[in-house]
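A closer look at the structure
Residue strings, one per chain:
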Amino acid sequence: MKQLFTIAFVLSGISAAYAQNTLSLTEGQVSPKASINEVAWIAGHWQGEAFGGITEEIWSPPMGNAMMCVFRLVNDDITSFYEIETITEEEETLILRLKHFHADLKGWEEKDETVDFPLVKLETNKAYFDGMTFDKISETEMHVYVVIAEDDGTRNEMKFVYQLVN
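Residues numbered from 1 in each chain as written. Predicted model: local features only at pLDDT ≥ 70, side-chain atom pairs only at ≥ 80, totals over all residues. Heavy atoms only, no water.

Looking at the overall build of the protein chain
A count of helices and strands for the protein chain gives zero helices and ten strands. Here the contacts in the protein chain between residues at least 6 apart in sequence split such that 45% fall between residues at least 24 apart. For the protein chain, the exposed area adds up to about 8900 Å²; of that, 51% sits on carbon and sulfur atoms. (Helix = DSSP H or I, 4+ residues; strand = E, 2+ residues; numbered from the N terminus. Contact = heavy atoms within 4.5 Å. Areas by Shrake-Rupley, 256 points an atom, 1.4 Å probe, with all protein chains shown as cover.)

What about the pairing of strand 4 (residues 78-90)?
Here strand 3 (residues 66-75) runs beside strand 4; their pairing, made up of ten bridges, is antiparallel. Pairing of F71 across the sheet is with E83, part of strand 4. Taken together, the ten bridges between strand 4 and strand 5 (residues 93-102) define a ladder with antiparallel strand orientation. Bridge pairing in strand 5 places E90 opposite T93. (Pairing = 2+ DSSP bridges.)

Re the nonpolar core
General note: in soluble globular proteins, nonpolar side chains tend to be found buried as a group. Within the largest apolar cluster, 31 residues are counted, with the highest numbers of intra-cluster contacts made by I42, W59, I87, L96, F129, M132 and F134. Other than its neighbours up to four places away in sequence, M132 contacts T22, E85, L96, L98, F117, A127, V144, Y145 and V146. (Core = buried A, V, L, I, M, F, W, Y, C linked by side-chain atoms within 4.5 Å. Buried < 20%, exposed > 50% of the residue type's maximum accessible area, 1.4 Å probe, protein only.)

Notes on the pattern of salt bridges
On inspection of all chains with the given rule, the structure shows eight salt bridges. In this structure, the salt-bridge partner of R97 is D116, at a minimum N-O distance of 3.6 Å. Of this pair, R97 sits in strand 5 while D116 is found in strand 6 (residues 115-123), placing the two residues 19 residues apart along the sequence. Here K136 ties to E139 by a salt bridge, and the two come within 3.5 Å at their closest N and O atoms. (Salt bridge = Lys/Arg side-chain N within 4 Å of Asp/Glu carboxyl O.)

Points about the confidence of the model for the protein chain
Interpreting fine coordinate detail is not advised for predicted regions of low pLDDT. Taken over all residues, the pLDDT of the protein chain has a mean of 89, while the share at 70 or more is 89%. Segment residues 1-18: pLDDT under 50, and 46 contacts once partners within four positions in sequence are set aside and those in other chains are kept. (pLDDT = per-residue confidence, 0-100.)

Regarding unusual backbone geometry
The backbone of N65 sits at a positive phi, close to 65°, despite the residue not being glycine. Its identity is not glycine, yet N125 carries a phi of approximately 60°, on the positive side. Mapping N125 onto the fold places it in the loop between strand 6 and strand 7 (126-129).

What follows is the structure, encoded as structure tokens:
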């Protein structure tokens, strides 16, 4: 499973041919100033379908200069993998970090490694991290776009369509 869903660590240099809804920081570009409250709209219990199963993200509201999330993929009523994600306010900007875990909670990344997505741009109800975009369509629908590296080295943008569960 790890090889099928490895998210790219280095997302710079992805052309528009690979990504239509995600952005990357260009060389020398720094993340814009932002506060965690500017992405508070991400909070909620979201569910959708991807990778042949049910995907779920549960985002907490901002607290302590951060938001936290748990993600899971369920295929045929069996959990395939989890992610723990955070968006934190650091040095007057935001960064999204995540770690992947197999269903038995054994990690994919090394102990001290995370997959990092620095902030690229904020718009009303849209947050562009480097290789991941959150787009709130309505009060009950959110789209998340993620650039994913395949085993053969190709990179593709994947769209997750989420509905608010509660």
